[in-house]
Amino acid sequence: MSHEAISVFDMFKIGVGPSSSHTLGPWRAAQLFLKSLEEKNLIREVTSLEVLLYGSLAKTGKGHGTDIAVLLGLNGYDPVTFDVDLIEARINDIKEIKKIVLGGVHEIDFDPDEDIEFLFTESLPYHPNALTFLATISNGDHIAESYYSIGGGFVKKEGEQGNAASEVILPFPINDADELLHWCMKTGLNISEVVLENENTWRSEKETRQGLLKIWQVMKDCMYRGSHTSGTLPGGLNVRRRAAQLNKKLVRDQYYTDFESWIHAIKSGGNDFKYTLDWVSCFALAVNEENASFGRVVTAPTNGAAGVIPAVLAYYIIFCEGNTEEKIIQFLLTAAEVGSIFKKGATISAAMGGCQAEIGVSSSMAAAALTECLGGTQRQALMAAEIAMEHHLGMTCDPIGGLVQIPCIERNTMGAIKAITACQLALQSAPDYARVSLDGVIKTMWDTAMDMNSKYKETADGGLAINIPLSLSEC
Ligand code: SF4
């Protein structure tokens, strides 16, 4: 049996909001298309270009900034490093002059309103999130390449099997929870230790540790920024940001200039249930308000669900005394492995499986990580992951206006709290008596995804998206 190798850095990717599948994925697809042109030595030969967005990318692409992501990607910008504060100005500039600079080296005429087509009624067979780049080159030839944004920022080119990263041989090949448990039992290692051994295949342990601390740094920056930024979210829904208001209330109007002094102050407020609950909500709201504002976030495993893992990790650090680099690394390694098992056995794409594939998976990842960090056994960690997903099964994706705001932002608070509850339940239980396994719930999630009506799969054609009448301005 072949084993797909997914690294922790495939699951946690630094990017730009609001959507991993509709923003980060298309951005990456544009970069891959440029790379393909470059390999053929053709970037400077392009005379015109059209971009076709299909299916879910067309239906909710405007709200998710798919066109913006494609434009920035085609201009040679990288989602990890591009200054998010410059997005609006750069896009306005492109729209005004109607030109792009392919890969930053070759200028062509490009009118985003004409040359990016939203094909609302068409889709490509492999995945609902598809886009095609159609380039004409100087000798009159045409080049057409299609890409699929398959969730969590992962991108697949039409006709390509796997990728180099997934073809490596790992010491502990894992496709499902049973195999993960097998390696844990055989070696006596806990989940994060098994994952770290696998990560050593790609890079040194030191690099993995540094990379994970960098991921946490971006999460922290995002939480801090979101908790200190007021105003209204972009997109026309006029959703007011709430994290900053909540933060202000909880810290009694005090201002802390950096993350460390801020969490020190939070810690000193004790651990009353409602106080803790308010903070977990504040962290999750903060991240997803940043995400909705085209801010810098970490996909975990997606952008729409980016707040769950930082909120639960911050809960662990502040309220469970887990503030050591070692524990933070352990948390992220465990969470990533659970996410990759979901990706292999089901999906982390809302366009395939609805919101159970986003918030459900992130909650499950966080539940397992918290359980391992709090001293639970490997079986208890997997049990916690199972419990968290079991109570997200069937959750649909119906973002109002196609924006990652309602219900998405609040939904992260729910995912975080369910993760903490699932962890506590697992820590107080004997996994031997559990009737539902993690693999069983992953299969159920996939079956449910297959049965789910397509209007609940990131199309904004059903649910809240059609029952809450809001007139959106074109933007
Ligand atoms: S409803 Fe869930 S899956 Fe859909 S966009 Fe929002 S967070 Fe993502």
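It should be emphasised that the depicted structure is a prediction, and the values quoted were computed from it without experimental measurement. Position labels on residues start from 1 in each chain and follow its written sequence. Two thresholds apply to this predicted model, a pLDDT of at least 70 for residue-level local features and 80 or more for giving and counting side-chain atom pairs, whereas whole-chain, interface and lining totals are computed over all residues. Water and hydrogen atoms were dropped before computing side-chain values, which therefore reflect all heavy atoms in the structure.

Side note on the overall build of the chain
Okay, so step 1: Secondary structure assignment for the chain yields 21 helices and nine strands.
Okay, so step 2: The size measure is the radius of gyration over C-alpha atoms, and the globule rule it meets is 2.2 Å times the number of residues to the 0.38 power. Taken over C-alpha atoms, the radius of gyration comes to 22 Å for the chain, in line with the 23 Å a tight globule of 475 residues would show.
Okay, so step 3: The dimensions of the chain, computed from C-alpha atoms along their principal axes, are 70 × 55 × 45 Å.
Okay, so step 4: Remark: exposure states derive from per-residue accessible area (1.4 Å probe, protein chains only) relative to the maximum for the residue type, with buried under 20%, exposed over 50%, and partly exposed in between. For the chain, the proportion of its 475 residues judged to be buried stands at 58%.
Okay, so step 5: The contact definition used throughout considers only heavy atoms, calling two residues in contact when any of these lie within 4.5 Å. Excluding contacts between residues fewer than 6 apart, the proportion of contacts in the chain whose partners are at least 24 apart in sequence is 77%. Counting from the N terminus, the helices are the DSSP runs of H or I reaching at least four residues and the strands are the DSSP runs of E reaching at least two.

Remarks on the site of the ligand
Okay, so step 1: If even one non-hydrogen atom of a residue comes within 4 Å of a molecule or strand, that residue is called near it. Taken together, Gly304, Ala350, Cys355, Glu358, Cys397, Asp398, Cys408 and Arg411 make up all the residues around the ligand.
Okay, so step 2: Only protein atoms enter the calculation, which uses a 1 Å grid: trapped sets of points that fit a 1.4 Å probe without letting it out are cavities, open sets showing protein on both sides within 12 Å along at least five of seven lines are pockets, and any residue with an atom within 4 Å of a point is a lining residue. A pocket or cavity is taken to hold a molecule when more than half of that molecule's atoms are within 2 Å of the pocket's grid points. According to the grid-proximity analysis, the pocket containing the ligand is the largest cavity.
Okay, so step 3: For this classification, the nonpolar set comprises Ala, Val, Leu, Ile, Met, Phe, Trp, Tyr, Cys and Pro, the charged set comprises Asp, Glu, Lys and Arg, and every other residue, Gly included, is treated as polar. A class-by-class count of the residues in the shell around the ligand yields four nonpolar, one polar and three charged.

Remarks on the packing of aromatic side chains
Aromatic ring pairs are defined here through the distance separating the ring centres and the angle between the ring planes.
Okay, so step 1: Pairing of aromatic side chains requires ring centres within 6.5 Å, counting the rings of Phe and Tyr and the six-membered ring of Trp. Pairs whose planes differ by under 30 degrees are stacked, by over 60 edge-to-face, and all others tilted. Under the criterion given, the structure shown has 17 aromatic pairs.
Okay, so step 2: Seen in terms of ring centroids, Tyr224 and Trp262 are 5.6 Å apart; in terms of plane orientation they differ by 85°. Their pairing is edge-to-face. Taken together, the residues span a long stretch of sequence, with Tyr224 in helix α10 (residues 205–226) and Trp262 in helix α12 (residues 259–267) at a distance of 38 residues.
Okay, so step 3: Looking at Tyr224, the relative accessible area reads 13%, which means it is buried.
Okay, so step 4: Using a relative accessible area of 0% as the deciding quantity, one classes Trp262 as buried.
Okay, so step 5: Between the aromatic rings of Trp279 and Phe283, the centroid separation amounts to 5.6 Å while the plane-to-plane angle is 25°, which identifies the pairing as stacked. On the criterion of helical spacing, the pair formed by Trp279 and Phe283 is a turn pair, its members being four residues apart in helix α13 (residues 273–292). We note that Trp279, like Phe283, is buried.
Okay, so step 6: Within the aromatic cluster, the residues linked to one another by ring pairs are Trp216, Tyr224, Phe259, Trp262, Tyr275, Trp279, Phe283, Tyr315 and Phe319.
Okay, so step 7: For a lysine, the NZ atom is tested; for an arginine, the CZ atom; a charge sits over a ring if that atom is within 6 Å of the ring centre and within 35 degrees of the ring normal. The ring centre of Phe154 lies 3.8 Å from the NZ or CZ of Lys13, which sits over that ring.
Okay, so step 8: One cation-aromatic arrangement involves Lys343 over Phe154; the distance from NZ or CZ to the ring centre is 4.4 Å.

Some remarks on the pairing of strand β1 (residues 13–16)
Okay, so step 1: Alternating residues of β1 divide into Lys13 and Gly15 and Ile14 and Val16, and every residue in both groups is buried.
Okay, so step 2: At least two DSSP bridges between two strands are required for those strands to pair. When β1 meets strand β9 (residues 296–299), the two strands line up antiparallel, connected through four bridges. Counterpart to Val16 in the pairing with β9 is Arg296.

Section: the pattern of salt bridges
Okay, so step 1: By convention in these notes, a salt bridge is any Lys or Arg side-chain nitrogen within 4 Å of a carboxyl oxygen on Asp or Glu. Enumeration according to the criterion identifies 19 salt bridges in this entry.
Okay, so step 2: In this structure, Glu4 engages Lys343 in a salt bridge whose closest nitrogen and oxygen atoms are separated by 3.8 Å. Taken together, the positions of Glu4 in the segment before α1 (8–11) and Lys343 in helix α15 (residues 325–345) put the pair 339 residues apart, joining distant regions of the chain.
Okay, so step 3: Between Arg90 and Asp93 there is a salt bridge, and its shortest N-O distance comes to 3.0 Å. Taken as a pair, Arg90 and Asp93 lie in helix α6 (residues 87–97) at a separation of three residues, close to a single helical turn.
Okay, so step 4: When its relative accessible area of 36% is taken as the criterion, Asp93 is described as partly exposed.
Okay, so step 5: Members of the salt-bridge network, linked through shared partners, are Arg225, Arg241, Glu289 and Glu290.

Keep in mind these numbers describe shape, not what the thing actually does.
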